[in-house]
Amino acid sequence: MFTFPQNLYTDVRIEDVFESNIIFSLGNLDEQKQRKYKAAFIRVFDGTRWYYSSTSNIEAIQREIDNLARIATANSAIGDHPIVQKLEANQGEHTKFRLNSVAEIGIDQKLDLLQDYFPIISENSLIKMWKGQYVDQYVVKKFYSSKGANLHFDAQKAGISLQFEMAANERKFSERFQKASHYFSDLQGRHEELKAYISKCEDFLHNYQALKPGKYTTILSPVVAGVFAHESFGHKSESDFMVGDETMKKEWAIGKKVGADILSIIDDGSKPGSGFVPFDDEGTRSRETHLIKNGILAGRLHSAATAGALDEDVTGNARAINFEFEPIVRMTTTYIASGDKTKDELFSEVKEGIYIETLKHGSGMSTFTIAPSISYYIKDGKIAYPVNIAVITGNVFETLGEIDGLSNQVELESFVIGGCGKMEQYPLSVGFGGPYVRVKNINAQ
């Protein structure tokens, strides 16, 4: 398809994108947009430097390749370079969503889907402000390289978000109901779920009590556990931060004890959901990568560049938010592996503690911070009453060592609004999840 220059490594990533975005505020249409574009990112590597170009003119790809080759330095040994050695040369068509593409669904059908949920919110007297949003994206990627890669694969997401603010008797509370899937049809018929969720929010608004600051045994729901894993440990597993840093290499040596014996954290782009990427943006097949296995640092996430620099295997984690950016090391779907307790057993063993069901946001590196939303006080093994918690925080390694119970089922969560940010690339779709996770001595206030 392309004529690749001799004595250089070259790859081409072509993205064919369809996406929709519909936003309402208080029932009034703010935005209704659909767009379709096709564009490409081109790389050339001479063993010393990468040379990049991106273009929305597909007919100009060969010219871009030739221009980059002119400024690169020919290297007859490029095939032996450690980075080039790590790059995979996968082939074939691996499309899953072509027959159920959101691009084939009319904008009126998407408007109807979203607006069908509005009466449940607009007729609730406690909800003073609300916003409804529908988004979808269908991406077909083609990847070619001078090593022989010839790939054709796709990814798709669709979702709704209903964000609202409640107020009663000088109390205020904000939450969001959102559903995400690969398929439009999965977003239909969620009315009873929405009603039940709003009812839960009403109960929280009316009955929450202030939490006395202190250290608590804390149970994290699967979504909170997933965000905790992503923020507290996932980012530290992105190996680009340690390339050239001998201190970090020693601190993050494979085989180091970093958590409780029952703790395993995995990243896997092949899992269904918003982190699904069958191949990364270097053409590497996604795979299950244990970051922590039975409390031991077992692996880290790689692009070909970091795998070559650290002499480790690629993991399928070189990702870019779109054709304008180079692939860098990013997570896909990151989750905590299941344990051996039922959810009821996990709660029943807590004399006094807290349960965090949803969250507003989280962040972390050496120290993690999570801002809880819907939360409850646990007393004598049962949920007692809602509590208002501003923040939970702690040292990452100390907290990973305090995990003392995991439920026996993993739930993976997909998000449709926002995503992960790193450097100038935001938002990137990722997935989270885990079982119910019990942690001792969490600082809460």
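Check the entry above for the structure.
Residues numbered from 1 in each chain as written. Predicted model: local features only at pLDDT ≥ 70, side-chain atom pairs only at ≥ 80, totals over all residues. Heavy atoms only, no water.

## Observations regarding the overall build of the chain
Across its full length, the chain holds ten helices and 27 strands. Its C-alpha atoms give the chain a radius of gyration of 24 Å, within 12% of the compact-globule value 22 Å for 445 residues. The principal-axis extent of the C-alpha atoms belonging to the chain is close to 70 × 55 × 30 Å. Residues classed as buried in the chain amount to 55% of the 445 residues present. Considering only contacts in the chain between residues 6 or more positions apart, those separated by 24 or more positions represent 73%. Accessible area of the chain: about 19300 Å², with a carbon and sulfur share of 45%. Between the averaged position of the 49 positive side-chain charges in the chain and that of its 59 negative side-chain charges there is a distance of 2 Å. (Helix = DSSP H or I, 4+ residues; strand = E, 2+ residues; numbered from the N terminus. Rg over C-alpha atoms; globule rule 2.2 N^0.38 Å. Buried < 20%, exposed > 50% of the residue type's maximum accessible area, 1.4 Å probe, protein only. Contact = heavy atoms within 4.5 Å. Areas by Shrake-Rupley, 256 points an atom, 1.4 Å probe, with all protein chains shown as cover. Lys, Arg positive; Asp, Glu negative; His and termini not counted. Charge placed at Lys NZ, Arg CZ, Asp CG, Glu CD.)

## Quick word on the environment of Phe368
Following the sequence through the fold, Phe368 ends up in strand β18 (residues 367–372). On the accessibility criterion, Phe368 (2% relative accessible area) is buried. Residues Phe368 and Phe397 lie 29 residues apart in sequence; the distance between their C-alpha atoms is 9.9 Å. The residues touching Phe368, leaving out its near neighbours within four places in the chain, are Phe228, Ser232, Ser363, Ile392, Thr393, Gly394, Asn395, Val396, Thr399 and Ile442.

## Topic: the sheet that holds strand β10 (residues 265–268)
Ordered by their spatial adjacency, six strands build an open sheet running β12-β11-β10-β15-β26-β23, and the pairing between neighbours is mixed. Here the strands that pair on one side only, and so sit at the sheet edges, are β12 (296–297) and β23 (411–414). Pairing geometry for β23 and strand β26 (residues 431–434), over four bridges, is antiparallel. Counted as the bridge partner of Ser414 is Gly431 from β26. Sitting on the sheet, helix α6 (residues 222–234) is in contact with β10, β11 (288–293), β12, β15 (333–336), β23 and β26, with an inclination near 115° to β26. (Pairing = 2+ DSSP bridges. Axes fitted to C-alpha atoms, helices over the stretch in contact; angles between N-to-C directions.)

## Side note on the side chain of Asn90
For Asn90, the location among the structural elements is in the loop between α2 (82–86) and β4 (91–94). Among all residues touching Asn90, those that are not within four sequence positions of it are Ala149, Asn150, Leu151, Phe279, Gly283, Thr284 and Arg285.

## Regarding the environment of Pro327
Mapped onto the elements of the fold, Pro327 is located in the loop between β13 (318–319) and β14 (328–329). Separated by 103 residues in sequence, Pro327 and Val224 place their C-alpha atoms 28 Å apart. Here Pro327 is in contact with Arg13, Phe41, Arg43, Asp281, Glu282, Ala318, Arg319 and Ala320, once residues within four sequence places are set aside.

## Structural notes on the pattern of salt bridges
Applying the stated rule across the entire model yields 26 salt bridges. Ionic pairing is found between Glu349 and Arg438, a salt bridge with its closest N-O pair at 2.9 Å. Placement of the pair is Glu349 in the loop between α9 (343–348) and β16 (352–356) and Arg438 in strand β27 (residues 437–444), with a sequence separation of 89 residues. Note on Arg438: relative accessible area 5%, which makes it buried. Because the salt bridges share partners, they merge into one network encompassing Arg13, Glu15, Lys141 and Asp281. (Salt bridge = Lys/Arg side-chain N within 4 Å of Asp/Glu carboxyl O.)

## A few points about the pairing of strand β25 (residues 425–428)
Note on strand geometry: in a regular strand, side chains alternate between the two faces of the sheet. Sheet topology note: the strand β24 (residues 420–422)/β25 ladder contains two bridges and is antiparallel. Paired with Cys420 across the bridge in β25 is Leu428. Turn length for the β24-β25 hairpin, with the two strands adjacent in sequence and antiparallel, is two residues, and the turn residue Met423 shows positive phi of about 50°.

## With respect to the packing of aromatic side chains
Under the definition given, this model contains 25 aromatic pairs. When the centroid spacing of 4.4 Å and the interplanar angle of 20° are considered together, the rings of Phe45 and Trp50 count as stacked. In this structure, Phe45 and Trp50 share a single accessibility class: buried. Where Phe347 meets Tyr355, the ring centres are 5.1 Å apart and the plane angle is 70°; that geometry is what we call edge-to-face. Of the two residues, Phe347 and Tyr355, neither departs from the other in class, the shared state being buried. (Phe/Tyr/Trp six-rings, centres within 6.5 Å; stacked < 30°, edge-to-face > 60°.)

## Looking at unusual backbone geometry
In this structure, Pro427 follows Tyr426 across a cis peptide bond, with omega equal to -5°. By the secondary structure assignment, Pro427 is in strand β25. For Leu26, which is not glycine, the phi dihedral falls at a positive 50°. Following the sequence through the fold, Leu26 ends up in the loop between β1 (9–25) and β2 (28–45). Classification of Leu26 as partly exposed rests on a relative accessible area of 42%. Phi is positive for Asn441, which is not a glycine, with a value near 55°. Considering the arrangement of structural elements, one finds Asn441 in strand β27. According to the relative accessible area criterion, Asn441 is partly exposed, its value standing at 43%.

## Looking at helix α1 (residues 61–71)
Listing the buried residues of α1 in full gives Ile61, Glu64, Ile65, Leu68 and Ala69. Here the buried residues of α1 occupy an arc of 135° about the axis, which is enough to place them on one side. Away from the buried face of α1 by more than 90 degrees, exposed residues Arg63, Arg70 and Ile71 are located. Of the surrounding secondary structure, the elements contacted by the buried residues of α1 are β1, β2 and β3 (50–55). (Arc of directions from axis to C-beta.)

## Brief notes about the pairing of strand β5 (residues 127–145)
In terms of burial, β5 is largely enclosed, as 14 of its 19 residues are buried. Where β1 lies against β5, 15 bridges are found, and the strand directions are antiparallel. Directly across from Val12, in β5, lies its bridge partner Tyr144. Summarising the sheet, β5 and strand β6 (residues 150–168) pair through 17 bridges and their orientation is antiparallel. Within β6, the residue paired with Lys142 across the bridge is His152. Hairpin connection between β5 and β6: a loop of four residues separates the two successive antiparallel strands, and Gly148 in this loop has a positive phi of roughly 115°.

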